[in-house]
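The residues making up each chain are set out below.
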Amino acid sequence: MTCGLPYVNGPCHIAHLRTYVPADIFVRYLRKMGQEVVFISGSDTHGTPITVKAEEEGVSPAEVMEKYHQHFVEFFPKIGINFSNYGSTDHPFNHARTVQIMEALRENGYIYAKEIKLPYCPNCDRFLPDRYQRGICPHCGSSARGDECDQGCGRYLEPGELMDPRCSICGTKPVMRETRHLFLKLTAFEDFLREYLPAMDGTEIARNYALKWVESGLKDWNITRNLDWGVKVPGEEELVYYVWVDAPIGYIASTEEWAERTGGDWEYYWKGPGHLIHFIGPGIIYHHCLFWPSMLHGAGYSVADAVIASGTMKVEGHVFSKSRGYVIWVEEDYLDKGLDPDALRYYIASYTGHTRDLDFNWATYGEKVNKELVGTLGNFLYRALLFAQRNYGEIPGGTVEQEVKEEVEKAIESIR
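Residues numbered from 1 in each chain as written. Predicted model: local features only at pLDDT ≥ 70, side-chain atom pairs only at ≥ 80, totals over all residues. Heavy atoms only, no water.

## Quick word on the sheet that holds strand β14 (residues 236-241)
Read from one edge of the open sheet, 3 strands run β12-β14-β13, paired in antiparallel fashion. Looking at strand neighbours, the two that pair on one side only are β12 (224-225) and β13 (232-233), the edges of this open sheet. Across 2 bridges, β13 lies against β14 in antiparallel orientation. In the sheet register, valine 233 faces β14, and the bridge partner there is glutamate 236. (Pairing = 2+ DSSP bridges. Helix = DSSP H or I, 4+ residues; strand = E, 2+ residues; numbered from the N terminus.)

## A few points about a negative patch on the surface
A cluster of like negative charges, contributed by Glu401, Glu403, Glu406 and Glu409, occupies part of the molecular surface. When you line up the elements, glutamate 409 lands in helix α13 (residues 402-415). Owing to a relative accessible area of 44%, glutamate 409 belongs among the partly exposed residues under this scheme. (Patch = residues over 30% accessible without salt bridge, like charges linked within 9 Å, V, L, I, M, F, W, Y side chains within 5 Å. Areas by Shrake-Rupley, 256 points an atom, 1.4 Å probe, with all protein chains shown as cover. Salt bridge = Lys/Arg side-chain N within 4 Å of Asp/Glu carboxyl O. Lys, Arg positive; Asp, Glu negative; His and termini not counted. Charge placed at Lys NZ, Arg CZ, Asp CG, Glu CD. Buried < 20%, exposed > 50% of the residue type's maximum accessible area, 1.4 Å probe, protein only.)

## So, the packing of aromatic side chains
By the definition in use, this model includes 31 aromatic pairs. Residues phenylalanine 76 and phenylalanine 83 carry aromatic rings whose centres are separated by 5.2 Å and whose planes lie at 90 degrees to one another, so their mutual orientation is edge-to-face. For phenylalanine 83, a relative accessible area of 14% translates into the label buried. Taking the centre distance of 5.2 Å and the plane angle of 70 degrees together, the rings of tyrosine 286 and phenylalanine 291 count as edge-to-face. For tyrosine 286, a relative accessible area of 11% puts it in the buried group. (Phe/Tyr/Trp six-rings, centres within 6.5 Å; stacked < 30°, edge-to-face > 60°.)

## Some thoughts on the side chain of threonine 352
As for its position among the elements, threonine 352 is in the loop between α11 (341-350) and β19 (358-360). The class of threonine 352 is buried, set by a relative accessible area of 16%. Of the polar contacts made by the side chain of threonine 352, one reaches the side chain of arginine 356; its length is 3.4 Å. If we skip the residues at most four places from it in the chain, threonine 352 touches Arg18, Asp357 and Leu358. (Polar contact = N/O pair within 3.5 Å; in protein donor to acceptor, adjacent residues only side chain to side chain. Contact = heavy atoms within 4.5 Å.)

## Notes on the pattern of salt bridges
Counted according to the given criterion, the structure contains 20 salt bridges. In this structure, the salt-bridge partner of arginine 225 is aspartate 130, at a minimum N-O distance of 3.0 Å. One end of the pair, arginine 225, is in strand β12; the other, aspartate 130, is in the loop between β5 (126-127) and β6 (133-136), with 95 residues separating them in the sequence. With a relative accessible area of 3%, arginine 225 lands in the buried category. One salt bridge in this structure joins glutamate 236 and arginine 180, with 2.9 Å as the shortest N-O distance. Of this pair, glutamate 236 sits in strand β14 while arginine 180 sits in strand β9 (residues 175-184), and the two are 56 residues apart along the sequence. What emerges from the salt-bridge pattern is a single network uniting Asp24, Arg28 and Arg345.

## With respect to the packing of helix α4 (residues 92-107) against helix α7 (residues 243-262)
Look at α4 against α7: their axes get within 8 Å of each other, and the N-to-C directions meet at 120 degrees. As summarised for this structure, α4 and α7 are arranged oblique, according to the angle between their axes. Of the two elements, α4 crosses α7, and the hand of that crossing is right-handed. Together, Phe93, Asn94, Arg97, Thr98, Ile101 and Met102 of α4 and Val245, Asp246, Ile249, Gly250, Ile252, Ala253, Glu256, Glu257 and Glu260 of α7 make up the contact between the two elements. Considered class by class, the residues forming the contact of α4 with α7 number 7 nonpolar, 3 polar and 5 charged. (Axes fitted to C-alpha atoms, helices over the stretch in contact; angles between N-to-C directions. Parallel < 35°, antiparallel > 145°, perpendicular 65-115°, else oblique. Left-handed = near helix turned anticlockwise from the far one by under 90°. Nonpolar A, V, L, I, M, F, W, Y, C, P; charged D, E, K, R; others polar.)

## Examining unusual backbone geometry
The backbone phi angle of aspartate 125 is positive, close to 60 degrees, even though this residue is not glycine. Within the secondary structure layout, aspartate 125 lies in the loop between β4 (111-121) and β5. For glutamate 316, which is not a glycine, the phi torsion comes out positive at approximately 55 degrees. Among the structural elements, glutamate 316 can be located in the loop between β17 (313-315) and β18 (318-319).

## Concerning the pairing of strand β3 (residues 85-88)
Of the two faces of β3, both are covered, the one formed by Asn85 and Gly87 as well as the one formed by Tyr86 and Ser88. One ladder, built from 4 bridges, connects strand β2 (residues 40-43) with β3; its direction is parallel. Bridge pairing in β3 links isoleucine 40 to asparagine 85.

Okay, here's the thing in structure tokens:
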């Protein structure tokens with residue numbers, strides 16, 4: 001089982017837990033049912049979110065990555081989430097596995113090179129990949145980043161698709177320059193995806209979104225970027241692999257780290273009969289249900305049996321947004337104030353359904369914790385213990401009646 005990798009360009013926020021808490025609960029449940037579960041995640045360390053943050057702080061991308069990677073390593077156990085392995089996409093295993101999978105795709109005829117024109121900022125003297133540019137989404141007309149319509153329809157955007165682009169650093173209107181990039185023949189996987197997606201287990205939101213995009217027509221996918229930070233493309237000095245190439249491969253590399261440490265068999269899950277389950281947020285369905293299974297299938301790996309996508313996150317009725325201040329920093333705003341991690345886990349898991357929106361509201365949180373945990377559960381425990389103390393001076397011994405025992409066993413079997 002995997003959880004989507006957090007970008008390590010900042011600390012853990014409440015929206016992260018929308019995915020990690022339900023996934024952790026499901027892992028605990030599977031283990032109670034007797035399943036052997038390898039629970040995998042890790043830090044997403046490449047791409048423009050890291051380089052933009054590094055420029056803002058005046059440090060190297062490696063320094064940003066190390067700082068926030070260590071934050072997540074130390075943070076997850078504090079909230080009661082214990083991965084079998086928490087890796088990093090900058091680990092040598094991930095660099096090596098990315099190069100191997102891309103080479104396998106190339107050998108199988110799924111990767112080709114192409115000369116294209118891309119936005120170039122004459123003021124900053126560089127091409128403008130992904131978050132280095134902002135403009136207008138060609139699909140819905142909303143303000144968008146270079147790689148995603150983050151304020152509108154949520155669609156993935158290919159390099160060069162953005163309308164009226166501007167450099168996000170200096171605001172200069174870019175010029176178009178020719179450069180060489182590598183592409184994955186996503187169009188070659190249409191028949192595979194049409195067969196795979198309807199049979200994929202998980203949430204309807206994941207299946208339906210992905211099938212809708214297949215129906216609207218697939219395009220070949222630009223899998224390289226003009227950056228210095230990332231997994232280098234062998235033989236292409238100016239290029240690294242796009243972060244959404246090496247990030248999901250981080251699931252495999254993290255499993256390899258687990259296998260090296262424990263003597264386990266990573267290929268049992270990624271090339272063998274083991275089951276693969278992905279827990280993700282709603283914003284990365286496109287990548288996990290189109291690009292990722294195509295890459296795995298084309299390179300000879302197993303594909304996920306299920307993709308579970310959560311609903312979106314709101315804070316005090318507002319759409320979650322770090323830039324607009326609608327955010328809860330879990331360590332600073334919650335744990336550092338002495339609040340109970342289990343109370344937060346309970347709120348996230350019980351307040352709404354997994355595929356519906358979750359609105360974190362301090363007043364609602366307080367009311368739910370006070371009424372249900374302190375009032376209902378706490379009062380039940382207090383009354384039971386007080387009754388035992390008053391009447392017996394201790395918790396009395398005894399045997400469970402057979403009829404009661406059978407009812408308990410029926411309930412357990414029904415839940416299983």
